[in-house]
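# Report on the structure
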Protein chains: 2
Amino acid sequence: MPIDPDAAIEVTAFGWVPEGARGHVRDLRVRWALEEAGLPYRTRLLGGAIGGERSAEYYREQPWGQVPAYREGDLQLFECGAIVLHIAERSAALLPTDEIGRGRAITWLFAALNTMDVAVMAYLMAAVFNSDKPWSADAGATFGGFLDQRLARLGDWLGDREWLEDRFTVGDLMMVATLRGDSIVARAPANIADYIRRGEERAAFQLALAAQLADFSPEPV
Amino acid sequence: MPIDPDAAIEVTAFGWVPEGARGHVRDLRVRWALEEAGLPYRTRLLGGAIGGERSAEYYREQPWGQVPAYREGDLQLFECGAIVLHIAERSAALLPTDEIGRGRAITWLFAALNTMDVAVMAYLMAAVFNSDKPWSADAGATFGGFLDQRLARLGDWLGDREWLEDRFTVGDLMMVATLRGDSIVARAPANIADYIRRGEERAAFQLALAAQLADFSPEPV
């Protein structure tokens, strides 16, 4: 699904981020869901640094000044989870239509963004984002142990299945998106590392990744 | 809505937790949503400590061995966010029925459980849960600063409004539940502290809180 400047759906993204953040900014999750659902979209690129100040107008759209923010006619959403769920609700490719399948997929969507992301972000904040601090290694070891417990339980659940339930859903999309990246994959059980790779190998993911990377300027904007 | 042992909806909770965790275990969020929606429920109480080992059977129900897990006929859910959204989908008291109101409420539900809870939990893990570690104060100061930024932005959004949008929704329920507790409220802007108190003053919250406290045994079970 190529980006279409006339599409009804608009997603915000950054015009530039440092090398290490490319392929990881959260608009990728929304792009991926749109590719799975086959829905065209356009992007609106923001200038400035990831954590930088935004216009008062943009804070009305996205209260933390982050991406992605989503517009579709009069509907304005933020939070990648809410946007991806909104997209999934109109595509059986992401969300089963029966009540139980739907409920299970949404359960995993929240599991990714709450139970797992809390552990992932605490670890990254301690061990990676603050690696210049004297307490980083010790705090990172404690938080890494907490993350490892959650990864191990997730691996127990997954076992030798392909996806978290009996087919790929929006829950797998968000779980793979939450766990991918070398510093987490390196800690994951082998079946979870394989699961993340399966997610990244999907055609829709590859298209979304290419589209995010293509939107970055070579130099700060 | 008194607990009804014959109710179709079953929620798991702990039979005992230490004093400091009483009123904060996450089944409270589900009880609160059920009270707002006027739906009867029964509880199934688990023995053992909060982070303790569970039966293999319970891990199939709740992969991390936590509470709440939810059952309603053949539907089994976990993650307080997914359960509360499932409840909200059948009650206009929690979720507006127009597309825009519904989308905004769900956006705030995810904002509570991802953007805010990531900051809350990283801070609590550093400053409170690991307060015996030599790195706790320094890591807590850094993570507390990150949390303060997010609280300030939330306060800017709220301004002098009563709720995050034009009426109370499931998004307010989860935001209040995520931020309540002395160590977070003490850091919050005054309008956010007032907002949390307004949430806690709701009749449905008070009923849910009383029901959780009544389920705890005085001694470990």
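Bear in mind that the values here come from a model prediction, so they are computed numbers and not experimental data.

## A word on the overall build of chain A
Looking only at helices and strands, chain A features 9 helices and 4 strands. Going residue by residue from the N terminus, the α and β elements of chain A occur as β-α-β-α-β-β-α-α-α-α-α-α-α. Here the C-alpha radius of gyration of chain A, 17 Å, is about what a compact globule of 221 residues would show, namely 17 Å. Viewed in the frame of its principal axes, chain A has a C-alpha envelope of about 50 × 45 × 30 Å. When each of the 221 residues of chain A is scored for burial, the buried share is 46%.

## Overview of the relation of the copies chain A and chain B
Between the two chain copies there is a screw-like relation: a rotation about an axis and a shift along it. Mapping chain A onto chain B leaves a residual RMSD of 0.0 Å; the transformation is a rotation of 180° accompanied by 0.0 Å of translation along its axis. Taken together, the rotation angle and the small translation identify this as a two-fold axis. Most of the interface of chain A is mirrored in chain B, where 100% of its interface residues again form contacts.

## Observations concerning the sheet that holds strand E1 (residues 9–14) of chain B
All names here are of chain B. Pairing is mixed across the open sheet formed by 4 strands, whose spatial order is E2-E1-E3-E4. Only two strands of the sheet have a single partner each, and these edge strands are strand E2 (41–46) and strand E4 (75–78). The sheet shows a mean angle of 25° between the axes of neighbouring strands, taken without regard to direction. Bridge count between strand E3 (residues 69–72) and E4: 4 bridges; the pairing is antiparallel. What sits directly across from Ala 69, in E4, is Phe 78.

## Focus: the sheet that holds strand E1 (residues 9–14) of chain A
Sheets are built from strands that pair by backbone hydrogen bonding, the pairs being arranged parallel or antiparallel. Residue and element names in this part refer to chain A. The mixed open sheet is built from 4 strands, whose spatial order is E2-E1-E3-E4. Every other strand in the sheet has two partners, leaving strand E2 (42–46) and strand E4 (75–78) as the edge strands with one partner each. Taking each pair of neighbouring strands and ignoring which way they run, the sheet shows an average axis angle of 25°.

## Re the packing of helix H3 (residues 80–88) of chain A against helix H4 (residues 99–127) of chain B
Between H3(A) and H4(B), the shortest axis-to-axis distance is 7 Å and the interhelical angle comes to 140°. Taken together, the axes of H3(A) and H4(B) are oblique relative to one another. Along this stretch, H3(A) crosses H4(B), giving a crossing that reads as right-handed. Contacts from A:Gly81, A:Ala82, A:Leu85 and A:His86 of H3(A) reach H4(B) at B:Gly103, B:Ile106, B:Thr107, B:Phe110 and B:Asn114.

## Some words on helix H8 (residues 190–200) of chain B
Each full turn of the α-helix corresponds to 3.6 residues, which orients residues three or four apart in the same direction. All names here are of chain B. If you check which residues of H8 are buried, you get Ile 192, Tyr 195, Ile 196 and Gly 199. An end-on view of H8 places all buried positions within 100° of arc, on one side of the element. For H8, the exposed residues set more than 90 degrees away from the buried face come down to Ala 190 and Arg 197. Buried-residue contacts for H8 involve helix H5 (136–158), helix H6 (170–179), helix H7 (182–185) and helix H9 (203–215).

## Re the interface of chain A and chain B
Listed as interface residues are 40 residues of chain A and, on the opposing side, 40 residues of chain B. Looking at the side of chain A that touches chain B, the elements with two or more residues in it are E4, H3, helix H4 (99–127) and helix H5 (136–158) of chain A.

## Some remarks on H9(B)
Residue and element names in this part refer to chain B. For H9, which comprises 13 residues, the first-to-last C-alpha distance of 19 Å matches the rise-based estimate of 18 Å (1.5 Å per residue) to within 8%. Burial in H9 covers these residues: Ala 204, Phe 205, Ala 208, Ala 211 and Gln 212. Buried residues of H9, seen end-on, are gathered within an arc of 130° and therefore sit on one face of the element. Residues of H9 that are exposed and point over 90 degrees away from its buried face: Ala 203, Ala 210, Leu 213 and Ala 214. Against the buried residues of H9 lie E1, helix H1 (27–37) and H8.

## Thoughts on the confidence of the model for chain A
For chain A, the mean per-residue pLDDT works out to 97, and 100% of the residues sit at or above 70. Confidence estimates for the predicted assembly give a pTM of 0.98 and an ipTM of 0.98.

## Topic: the domain arrangement of chain A
All names here are of chain A. Domain assignment breaks chain A into domain 1 (9–92 + 205–215) and domain 2 (99–202). Between the C-alpha centres of domain 1 and domain 2 there is a distance of 21 Å. Of the residues lining the interface, 11 residues belong to domain 1; the matching set on domain 2 comes to 10 residues. Mapped by element, the contributors of at least two residues to the side of domain 1 that touches domain 2 are helix H1 (27–37) and H3.

## Considering the packing of H6(B) against H8(B)
All names here are of chain B. Running from N to C, H6 and H8 point in directions that differ by 110°, and their axes come no closer than 9 Å. Here H6 is positioned roughly perpendicular relative to H8, judged by the angle of their axes. Between H6 and H8 the crossing geometry is left-handed. Where H6 approaches H8, its residues Asp 172, Val 176 and Leu 179 are matched on the opposing element by Ile 192, Ile 196, Gly 199 and Glu 200. The class makeup of the residues in the contact of H6 with H8 is 4 nonpolar, 1 polar and 2 charged.

## Considerations on the pairing of strand E3 (residues 69–72) of chain A
All names here are of chain A. Direction of pairing for E1 relative to E3: antiparallel, over a ladder of 3 bridges. In the sheet register, Val 11 faces E3, and the bridge partner there is Tyr 70. Two successive antiparallel strands, E3 and E4, enclose a turn made up of 2 residues, where Gly 73 displays a positive phi of approximately 60°.

## Here's the deal with unusual backbone geometry
All names here are of chain A. The omega angle of the peptide bond from Val 67 to Pro 68 is 0°, so this bond is cis rather than trans. Here Pro 68 lies in the loop between helix H2 (56–61) and E3. Unlike most non-glycine residues, Glu 79 shows phi in positive territory, near 70°. Note on placement: Glu 79 falls in the loop between E4 and H3. Owing to 27 C-beta atoms within 10 Å, Glu 79 belongs among the buried residues under this scheme.

Conventions we followed
- Residues numbered from 1 in each chain as written.
- Chains lettered and ligands numbered in written order.
- Predicted model: local features only at pLDDT ≥ 70, side-chain atom pairs only at ≥ 80, totals over all residues.
- Helix = DSSP H or I, 4+ residues; strand = E, 2+ residues; numbered from the N terminus.
- Rg over C-alpha atoms; globule rule 2.2 N^0.38 Å.
- Buried ≥ 20, exposed ≤ 12 C-beta atoms within 10 Å, placed from the backbone.
- Least-squares fit on C-alpha atoms with pLDDT ≥ 70 in both.
- Contact = placed C-beta atoms within 7 Å.
- Pairing = 2+ DSSP bridges.
- Axes fitted to C-alpha atoms, helices over the stretch in contact; angles between N-to-C directions.
- Parallel < 35°, antiparallel > 145°, perpendicular 65-115°, else oblique.
- Left-handed = near helix turned anticlockwise from the far one by under 90°.
- Arc of directions from axis to C-beta.
- Expected span 1.5 Å × (residues − 1).
- pLDDT = per-residue confidence, 0-100.
- Domains from an automatic or database assignment.
- Nonpolar A, V, L, I, M, F, W, Y, C, P; charged D, E, K, R; others polar.

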